[in-house]
Structures are given as structure tokens and as C-alpha cells.
Amino acid sequence: MKDQGRSTRKRTGGRLKHASNKKRHQLGREPAETTVGETRVQYIDSRGTEKKVRALSMNVAQVADGDEVSEADIENVVDNPSNVNYARRNIVTKGAVIETSAGRARVTSRPGQTGQVNAVLID
């Protein structure tokens, strides 16, 4: 997704005239596709004074079991409902089921946006 600006077509299918050039806030980037491996992060400039932290690869997750939260090692991705190929390629996204040292867990955070993997035990 490169450009997140307005559509180039009208509701009827006709073409829209450009009112302005592309702006920086309409910029889109390729997905981070966080893999299982040694921790690697990338810092990206975002709107305002904040920075986004993209997790390129992670090997630890904060796993919640009720009120208890502990750090567990990620072994592999068991299932990823967003894309069947992501499970084969060990790509971690929100909603993915991962195998950890604490058991199977479902990812609740967005690693490509927050730079960390939070999960909830499902077994």
C-alpha cells in the first residue's frame, strides 16, 4: 500500500481530477511482517513528535494467564488466520496463534506497530 490518498474514481466509475499533489501524511509503507528470531526492531518517524517501533523479528512474548503476566520464548507460529502462508513463514501478526515456552497463546498486540508481542494463553 503505497498511497493512502483519495480514490481516483467516482462512485459512478468516472475519473476524478487531482485537486492536489500527494502529501507526506498519505504515505503508506510495506507491512513489517514480524518473524520469529533474534530481536530486531526498526524506528519509523510518525506524525507529531512520536516514533513507531516496528518489530522485524522477535523471540520473546509477554504472555498473560489471567492476572499473571510472564515473559516466554516464542518457538513457532502454529496458526495465522490473516493469511495461511504466514503460519508457514513464521510471521507473527495480531490474532496469530504462537507456540511459546508457557504453552499456546494468541497474539493481542500489533508487533509491526508497537514493537512488542503480547499474547494470552489459550490452553
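Predicted, not measured: the structure shown is a model, and the values here were computed from it.

Draft legend 1. Spotlight on the side chain of Ser57. Structurally, Ser57 can be placed in strand E3 (residues 51-58). Accessibility expressed as a relative area gives 3% for Ser57, which makes it buried. Within the structure, Ser57 has its side chain in polar contact with the backbone oxygen of Glu38 (distance 2.4 Å). In this structure Ser57 touches Thr34, Thr35, Gly37, Glu38, Thr39 and Arg40, once residues within four positions along its chain are discounted.

Draft legend 2. Fine view of the nonpolar core. By size, the foremost hydrophobic cluster in this structure holds 16 residues, and its most contacted members are Ile98 and Val117. If you list the elements that add at least two residues to this core, you get E3, strand E4 (60-65), strand E5 (68-79), strand E8 (103-107) and strand E9 (118-121). Look past the residues within four positions of Ile98 in its chain and what remains in contact with it is Ala61, Ile74, Asn76, Val77, Val78, Val92, Gly103, Arg104, Ala105, Val107, Val117 and Ala119.

Draft legend 3. Structural detail: the sheet that holds E3. Read from one edge to the other, the open sheet built from four strands follows the order E2-E3-E1-E6, with strand pairing classed as mixed. Pairing within the sheet leaves two strands with one partner each, and these edge strands are strand E2 (40-45) and strand E6 (91-92). Sheet topology places strand E1 (residues 34-36) next to E3; two bridges connect them, and they run parallel. Residue pairing in the sheet places Thr35 in a bridge with Ser57 of E3.

Draft legend 4. Highlighting the confidence of the model for the chain. Mean pLDDT over the chain works out to 91, with 98% of the residues at or above the 70 mark. Mean pLDDT values over the elements of the chain span from 92, in helix H2 (residues 111-114), up to 97, in E9.

What counts as what
What you see as residue numbers is a count from 1 along each chain, following the sequence as written. At least 70 in pLDDT is required for a residue's local features to be given in this predicted model, at least 80 for side-chain atom pairs to be given and counted, and no such filter applies to totals for whole chains, interfaces and linings, which use all residues. Excluding hydrogens and water, the side-chain values take into account all heavy atoms of the structure. The numbering of helices and of strands both runs from the N terminus, where a helix is a DSSP run of H or I of at least 4 residues and a strand a run of E of at least 2. With a 1.4 Å probe rolled over the protein chains alone, any residue whose accessible area is under 20% of its type maximum counts as buried; one over 50% counts as exposed, and the rest are partly exposed. Residues adjacent in sequence count toward polar contacts only when both atoms are side-chain atoms; beyond that, a polar contact is any pair of N or O atoms within 3.5 Å, and within protein one must be able to donate a hydrogen and the other to accept it. Contact definition: two residues touch when any of their heavy atoms are within 4.5 Å. In this text, buried Ala, Val, Leu, Ile, Met, Phe, Trp, Tyr and Cys residues form a nonpolar core when linked through side-chain atoms within 4.5 Å. Between any two strands, at least two bridges found by DSSP are needed for them to pair. What pLDDT reports is the predictor's confidence in each residue, on a scale of 0 through 100.

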